[in-house]
Amino acid sequence: MSQTTEAATLVTLADLRAAAGLLEGVAVRTPLLPASELGERLGVPVWLKPEMLQRGGAFKFRGAYCYLAGLDPERRARGVIAPSSGNHAQAVALAAQLFGVPSTVVMPTTVTAAKRAGAERLGARVELAGTTTQDRMQRAEEIAAETGGVLVPPYDDRTIISGQGTVGLEVAADMPEVRTVLVPVGGGGLSAGVATAIKLLVPAAHVIGVEPSGSPKLSRAREAAQPVTIPSRGGLADGLLAIRIGAIPFNHHQQYLDEVVTVPDDELVPAMRHLLDRQKLVVEPSGAITVAALLAGLVQPAGTTVAVLSGGNIEWEGLQSLFGGTVTDG
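Computed from a predicted model, the values in this text were never measured in an experiment.

> What is the right way to read helix α7 (residues 113-121) from this model?
Of all the residues in α7, the buried ones are Ala114, Lys115, Gly118 and Ala119. The buried side chains of α7 occupy one side of the element, clustering within an arc of 130° when seen end-on. In α7, the exposed residues that point more than 90 degrees away from the buried face are Ala113 and Arg121. Of the surrounding secondary structure, the elements contacted by the buried residues of α7 are α6 (87-99), β4 (103-107) and β5 (125-128). Of the residues trailing α7, Gly123 is marked for its positive phi of about 95°.

Okay, structure coming up:
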């Protein structure tokens, strides 16, 4: 299948269910947790999908495991390579460990200590390369060419999208009355998969992608009707700072995503604090962005609402540096 044909082919319900079958008994089927105080503020029932409880601390394990499971065993045994700001690296390292194959992860020079240590604890060899997704992808491709290993794409792949989309399958099964779903947008694999699953199973639901205002790659792509590269900027939501939306995810977004909103960095820490204080959940900035959008009034949800919390790979030092005693109670 050519790249153009693959980009035009959308993930099906059968693909999503096949991914769920691969993950059964391997991935955590994360629950939906009630967010009563948030619901009272908004006047609608609100539920949280806490993917920080997933193996590896984020939703990324779903797609990574599915990708490795689909590889020919002989090819997989050569080792796998993952370009990642952190969560994809840990997910691929964990999947590689489960399959008993070596892994190399290419992370940015700005990677947090927690995310690097997480990948190393899972047996990955870590290389650092630049600060952008392109820097990491270029070095990962070089390593794959040098070693004969398999590069595991972070988001621009139908198998990855199908794996991440199992988050949406679970939401639809557990909350068929859902009417608003918020999902973080990085490179687009999670948002594409969740939007696809929700729209195929609960067509009346409104699916909203949430991205940081410092990296509005999906907003810009929708304005241009095609993926575009945006300037590289930093930000707290390090897992969502891709500078270009994936081509295959973008096609899914165009078909299934109803809306995109952007959230400024200064709304992320209060959302993290709210989740810690009120829900007893430790969530990284990228994972808290959906709740930030709700707390900041950037989304007016209709009916039963589910906010996907994409991950929680942040440790004590990171929480201390962000909270610093300066944030008011959530």
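Now that the structure has been shown, the text picks up again.
> What am I meant to see in the nonpolar core here?
Membership of the largest hydrophobic core comes to 32 residues, with the highest contact counts inside it found for Leu48, Val210, Val291 and Leu309. At the level of secondary structure, the elements contributing two or more residues to this core comprise β2 (46-50), β8 (206-212), β9 (259-263), α13 (268-279), α14 (285-295), β10 (305-309) and α15 (316-323). Take this core: its biggest share by element is six residues, from α14. Setting aside residues up to four positions removed in sequence, Leu48 forms contacts with Pro31, Leu32, Leu33, Ala35, Leu275, Gln279, Leu281, Val291, Ala307 and Leu309. Among the nonpolar cores identified, the runner-up in size contains 31 residues, and Val26, Phe61, Tyr67 and Ile160 belong to it.

> Before we go on, may I ask you to explain the sheet that holds strand β1 (residues 33-34) in this structure?
The strands that make up a sheet pair up through hydrogen bonds in the backbone, lying either parallel or antiparallel. Read from one edge to the other, the open sheet built from six strands follows the order β1-β2-β10-β7-β8-β9, with strand pairing classed as mixed. Lying at the two open borders of the sheet, with one neighbouring strand each, are β1 and β9. The pairing of β2 with β10 spans five bridges and is classified as parallel. Each bridged residue has a counterpart across the sheet, and for Pro50 the counterpart in β10 is Leu309.

> I'm lost on the side chain of Arg136 in this one. Help?
Among the secondary structure elements, Arg136 is positioned in helix α8 (residues 133-147). For the buried Arg136, no salt bridge is present, and the opposite-charge side chain at shortest range is Asp135, 6.4 Å distant. Excluding its chain neighbours within four sequence positions, the residues that come into contact with Arg136 are Pro83, Ser84, Ser85, Val106, Met107, Pro108, Ala129 and Thr131.

> Would you mind showing me how to read the pairing of β8 here?
Residues in a regular strand project their side chains so that they alternate between the two faces of the sheet. With respect to burial, β8 is a largely interior element, six of its seven residues being buried. With five bridges joining them, strand β7 (residues 180-184) and β8 adopt parallel strand pairing. Looking at the pairing, Pro184 lines up with Val210 of β8. For the segment spanning β7, helix α10 (residues 189-201) and β8, crossover handedness is right-handed. Across five bridges, the pairing between β8 and β9 is parallel. Each bridged residue has a counterpart across the sheet, and for Val210 the counterpart in β9 is Val261.

> Can you help me understand the packing of aromatic side chains in this one?
Aromatic ring pairs are reported here in terms of the distance separating the ring centres and the angle at which the planes meet. In total, this model carries two aromatic pairs according to the counting rule given. Where Phe61 meets Tyr65, the ring centres are 5.7 Å apart and the plane angle is 45°; that geometry is what we call tilted. You can see Phe61 and its partner Tyr65 sitting in helix α4 (residues 60-69), four residues apart, about one turn around the helix. Residue Tyr65 is classed as buried on the basis of its relative accessible area, which comes to 13%. Ring pairs connect the aromatic residues Phe61, Tyr65 and Phe99, which therefore count as one cluster. In this structure, Arg273 is placed above the aromatic ring of Phe323, and the distance from its NZ or CZ to the ring centre is 5.9 Å.

What counts and how
- Residues numbered from 1 in each chain as written.
- Predicted model: local features only at pLDDT ≥ 70, side-chain atom pairs only at ≥ 80, totals over all residues.
- Heavy atoms only, no water.
- Buried < 20%, exposed > 50% of the residue type's maximum accessible area, 1.4 Å probe, protein only.
- Helix = DSSP H or I, 4+ residues; strand = E, 2+ residues; numbered from the N terminus.
- Arc of directions from axis to C-beta.
- Contact = heavy atoms within 4.5 Å.
- Core = buried A, V, L, I, M, F, W, Y, C linked by side-chain atoms within 4.5 Å.
- Pairing = 2+ DSSP bridges.
- Lys, Arg positive; Asp, Glu negative; His and termini not counted.
- Salt bridge = Lys/Arg side-chain N within 4 Å of Asp/Glu carboxyl O.
- Right-handed = clockwise from strand over helix to strand, strands pointing away.
- Phe/Tyr/Trp six-rings, centres within 6.5 Å; stacked < 30°, edge-to-face > 60°.
- Lys NZ or Arg CZ within 6 Å of the ring centre and 35° of its normal.

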